[in-house]
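# Descriptive analysis of the structure
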Amino acid sequence: MSDGSKGLKIYNTLTRQEEKFEPLDPANVRMYVCGPTVYDFAHIGNARPVIVFDVMFRLLRRLYGEDHVTYVRNITDVDDKINARALRDYGFEIEAGRLTLNEAIRRVTERTADQFHADVQALGCLAPTVEPRATEFVLPRGDGRTDMASLIQNLIDRGHAYAAKGEILFDTASMPDYGQLSKRRLEDQQAGARVAVDPHKRNPSDFVLWKESSIEEPGWEATFTVDGQPLTIRGRPGWHIECSAMSAAYLGEVFDIHGGGLDLIFPHHENEIAQSRCAHGTSEMARYWMHNGFVQVEGRKMAKSEGNFVTIHDLLNTDAFGGRKWTGEVLRLAMLMTHYRQPLDFSVRRLDEAEATLQKWADAQKIAAQIDWRTLNARRQEANPSSAVLNALLNDLNTAGAVAELNRLYKVAVSGNEEAAFQLVGGWSLLGFSLDEIFAHADVDAVAHAALADDVEPLIEKRLSFIREKNFAEADRIREELSAKGVQLMDYKDTETGERRTKWEVKR
Ligand SMILES: [Zn+2]
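What counts and what doesn't
Residues numbered from 1 in each chain as written. Predicted model: local features only at pLDDT ≥ 70, side-chain atom pairs only at ≥ 80, totals over all residues. Buried ≥ 20, exposed ≤ 12 C-beta atoms within 10 Å, placed from the backbone. Helix = DSSP H or I, 4+ residues; strand = E, 2+ residues; numbered from the N terminus. Pairing = 2+ DSSP bridges. Right-handed = clockwise from strand over helix to strand, strands pointing away. Axes fitted to C-alpha atoms, helices over the stretch in contact; angles between N-to-C directions. Parallel < 35°, antiparallel > 145°, perpendicular 65-115°, else oblique. Contact = placed C-beta atoms within 7 Å. Nonpolar A, V, L, I, M, F, W, Y, C, P; charged D, E, K, R; others polar. pLDDT = per-residue confidence, 0-100. Left-handed = near helix turned anticlockwise from the far one by under 90°.

## Regarding the pairing of strand E3 (residues 29–33)
Among the 5 residues in E3, 5 count as buried, and that is most of the element. Here E3 shows two buried faces, one formed by Val29, Met31 and Val33 and the other by Arg30 and Tyr32. Bridging between E3 and strand E4 (residues 69–73) involves 5 bridges; their strand directions are parallel. In the strand pairing of E4, valine 29 is matched with valine 69. Taken together, E3, helix H1 (residues 44–64) and E4 form a β-α-β motif whose crossover is right-handed. Note that E3 and strand E10 (residues 255–261) share 3 bridges and pair parallel. In the strand pairing of E10, methionine 31 is matched with isoleucine 257.

This is the structure we're talking about:
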């Protein structure tokens, strides 16, 4: 195997060490990140992993090539919180027989997933390569991709799961090194169990893989074979099994990076590892485990009862935080000013600081006064970040260091140094700041940008009309034509009208 290391170092939660990143297959670097449970607006704590791993995705694409990275982020659309929300919002319609529970659930999850997409797009995040929904991976699939029921059957067959009281449970005692990620030892958990243990569990730490649904709860008819006998349970999956199924479905049994927030280490990621390793008979699930730190708001733990519960939607669209709206770019920079593993205090002061930095960067006229800004803009697709910016990111995704380096470059660029200006542009782009947003603030640049837009916009319109006519071959051809010119298209759904729209940026 060729050496796929590109100087990237990652702190691996599994080993508690910083390690050189070497992908299993440099031609297809694979990353999985746990996505949102879609029952309500995403809060600012949810935004952090989305932004952090978006930067990781961009960095990996830069190191290994755009077509050589697969990023999977799931949508959890089966959860008791979703059921509760469907009953709260549509209970009246359900009772009147106008909606079934399943239809009400679908309304909640689709509405919430659309909100989530609009939010993270405003934060400048690329769409993941694949975004699977849990409900589509519960039962065996036509395309043969890994599903939850089959994984559970594997676990039963291999002696890692058992049936009790309408549930299928994972037998933690069947896995000698259970607890490796969180460093919790099974014996400690058992000895220290003060809470009354469910009598149907063999061990206190055993967890649910499949659970029977009551008549008012959504359920799938799944038939398992236990001790040679068929056992049909109309039920729903436990939380952890979906990520084991969807990661295997798109990334294989063992893949490179698994990410998420610190709060997911136990029990969620610990149990994902247990399920995946035991179902596949592998010694690992993912090679590198990355976890972002907690987010506090104005120095306190975020909680609805504290009155400091902040959603991305509110920050972008209302005056709820600091008495004004904030742009997605400001929120993004506010997150990236701190290293991802550090705790982060989300405050109005922090947002003010991020905004001041962006305004300074956006003040491109100062640079333009010194150098030929139009030339720079026309060449911006060739722009590379400085090696100092790149090195900061290679050092366990040190975005705080990268931001400090961009501030230093800005000072050099303003003094008329074209090379520094060029590297500044490359650095913004690598961190995922839309150049168009930044350039839009500069009058001089508007002229140059408009020139490029004149070429691109009509083609985007043409492509959208081909898509409406279902002429996907022509639509793809236009996408490729623009891609060859360095223009990247991103489709999204207009949250007001539901129409498909396209935005564009110039590729790094
Ligand atoms: Zn997960």
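The rest of the description comes next.
## Thoughts on unusual backbone geometry
Going from phenylalanine 266 to proline 267, the amide bond is cis rather than trans, its omega being 0 degrees. Within the chain, lysine 183 stands out as a residue other than glycine whose phi angle is a positive 60 degrees. One can find lysine 183 in the loop between strand E6 (167–170) and helix H5 (186–191). According to the C-beta neighbour criterion, lysine 183 is partly exposed, with 13 such atoms within 10 Å.

## Comments concerning the packing of H1 against helix H9 (residues 328–336)
Where H1 meets H9, the closest approach of the two axes is 10 Å, and the angle between their N-to-C directions is 80 degrees. The orientation of H1 with respect to H9, classified from their angle, is roughly perpendicular. Contacts between H1 and H9 involve Ala47, Arg48, Ile51 and Val55 from the first element and Leu331, Arg332, Met335 and Leu336 from the second. A per-class count over the contact of H1 with H9 returns 6 nonpolar, no polar and 2 charged.

## Observations concerning the sheet that holds strand E14 (residues 344–346)
Taken in spatial order, the 3 strands make up an open sheet running E13-E12-E14, and their pairing is mixed. The two strands at the open ends of the sheet, each matched to only one other strand, are strand E13 (300–301) and E14. Where strand E12 (residues 295–297) lies against E14, 3 bridges are found, and the strand directions are parallel. Bridged to valine 297 within E14 is phenylalanine 346. In the packing of H1 onto the sheet, contacts are made with E12 and E14, and the angle to E12 comes to roughly 145 degrees.

## Remarks on helix H4 (residues 148–157)
The buried fraction of H4 is high, at 8 of 10 residues. Among the residues trailing H4, glycine 159 stands out with phi positive, at a value near 80 degrees.

## Quick notes on the environment of proline 218
Relative to the helices and strands, proline 218 resides in the loop between strand E7 (207–212) and strand E8 (220–226). Along the chain, proline 218 and asparagine 102 lie 116 residues apart, while their C-alpha atoms are 6.8 Å from each other. Those residues within four positions of proline 218 in sequence are excluded, and the remaining contacts are Asn83, Leu101, Asn102, Ile105, Ser213 and Arg236.

## So, the sheet that holds strand E11 (residues 286–292)
Here 4 strands make up an open sheet; going across it, the order is E4-E3-E10-E11 and the pairing parallel. Each end of this open sheet is capped by a strand with a single partner; those strands are E4 and E11. Across the sheet, the mean angle from the axis of one strand to that of its neighbour is 20 degrees, orientation sign disregarded.

## Some points on H9
In terms of burial, H9 is largely enclosed, as 9 of its 9 residues are buried. Within the sequence span of H9, burial applies to Gly328, Glu329, Val330, Leu331, Arg332, Leu333, Ala334, Met335 and Leu336.

## Topic: the environment of phenylalanine 255
Mapping phenylalanine 255 onto the fold places it in strand E10. For phenylalanine 255, a count of 26 C-beta atoms within 10 Å translates into the label buried. For the pair phenylalanine 255 and arginine 287, spaced 32 residues apart in sequence, the C-alpha separation works out to 6.5 Å. Discounting residues that sit within four places of it in the chain, phenylalanine 255 has contacts with Arg30, Tyr32, Ser247 and Ala286.

## Let's talk about the confidence of the model for the chain
In this model, the chain carries an average pLDDT of 89, and 89% of its residues clear a pLDDT of 70 or more. Segment residues 443–448 is flagged for pLDDT under 50; beyond a separation of four residues in sequence, or across chains, it makes 12 contacts in the model.

## Structural notes on the packing of H4 against helix H7 (residues 265–280)
Running from amino to carboxyl end, H4 crosses H7 at an angle of 70 degrees, the nearest separation of the two axes being 8 Å. One finds that H4 runs roughly perpendicular with respect to H7. Crossing of H4 over H7 shows left-handed handedness. Residue-level inspection shows Leu151, Asn154 and Leu155 of H4 in contact with H7, the latter providing Gln275, Cys278 and Ala279. Of the residues that constitute the contact of H4 with H7, the class distribution is 4 nonpolar, 2 polar and no charged.

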